[in-house]
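# Structural features, examined
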Amino acid sequence: GDKVKQSPSALSLQEGTNSALRCNFSIAATTVQWFLQNPRGSLINLFYLVPGTKENGRLKSAFDSKESYSTLHIRDAQLEDSGTYFCATSNNRIFFGDGTQLVVKP
Amino acid sequence: DPKIIQKPKYLVAVTGSEKILICEQYLGHNAMYWYRQSAKKPLEFMFSYSYQKLMDNQTASSRFQPQSSKKNHLDLQITALKPDDSATYFCASSQQGTDTEVFFGKGTRLTVV
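Keep in mind it's a predicted model, so treat the numbers as computed, not measured. (Residues numbered from 1 in each chain as written. Chains lettered and ligands numbered in written order. Predicted model: local features only at pLDDT ≥ 70, side-chain atom pairs only at ≥ 80, totals over all residues. Heavy atoms only, no water.)

With an omega of -10°, the peptide bond between Ser 7 of chain A and Pro 8 of chain A qualifies as cis. With respect to the secondary-structure elements, Pro 8 of chain A resides in the loop between strand E1 (4–7) and strand E2 (10–14). For the bond running from Lys 7 of chain B to Pro 8 of chain B, omega is -10°, close enough to zero to count as cis. One can find Pro 8 of chain B in the loop between strand E1 (4–7) and strand E2 (10–13). Even without being a glycine, Ser 68 of chain A presents a positive backbone phi close to 60°. Notably, Ala 80 of chain B is not glycine yet its phi reads approximately 45°, a positive angle. Note on placement: Ala 80 of chain B falls in the loop between strand E8 (75–78) and strand E9 (87–94). When its relative accessible area of 38% is taken as the criterion, Ala 80 of chain B is described as partly exposed. (Helix = DSSP H or I, 4+ residues; strand = E, 2+ residues; numbered from the N terminus. Buried < 20%, exposed > 50% of the residue type's maximum accessible area, 1.4 Å probe, protein only.)

If you want it as structure tokens, here you go:
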């Protein structure tokens, strides 16, 4: 979307490596959510953030509302991490980014 | 154990017909939403409801009508179906409006032939 810019649009990782995804917001963002859409199409909640950081296993996310961006770090990528990662923010309505398509290769 | 149930999972419809997509949530949430995702595209917001009242409508066509018979139901009626309506329709809910965490159902994949 034009209010939420995700980068990169696509990413290929070797199993076991690390990477980071980013969202930049052109609207005032108060909360951020990160989702993984798996190959079957289901949307899985990864993180819900107010400004700050959260960590869950090999995933870590940060949200800086002043600088209007959020990041999602993937550590030790696994094959099951493959899918499309979406970030979303709310400003009376939820705005989604266009997603990052991640492929993890053995 | 899915907390947001969408029915049916797959739906094939003939051009010009009418279908209803069902959504029920058992999370105790007060806000519900519909999103559409066409093939390989991002999620597109359609409607939001709060306490069974329409809060936001970003769907240009009146062929799409949400229906809320109960607080935890938000069905989507689509009339005069067109092939361009083919997409996966996701229902979602949150506790209180868009500033609270949103959860999605597994979607209904609609194909209009």
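All right, on to the sheet that holds strand E6 (residues 52–56) of chain A then. Within a sheet, adjacent strands bond to each other through the backbone by hydrogen bonds, running parallel or antiparallel. Residues and elements named next belong to chain A. Read from one edge of the open sheet, five strands run E1-E3-E8-E7-E6, paired in antiparallel fashion. Every interior strand has two partners, whereas the edge strands, E1 and E6, have only one. Ignoring strand direction, the axes of neighbouring strands in this sheet form an average angle of 15°. As paired strands, strand E3 (residues 19–25) and strand E8 (residues 69–74) are joined by six bridges and run antiparallel to one another. Along E8, the bridge assignment pairs Arg 22 with Thr 71. (Pairing = 2+ DSSP bridges. Axes fitted to C-alpha atoms, helices over the stretch in contact; angles between N-to-C directions.)

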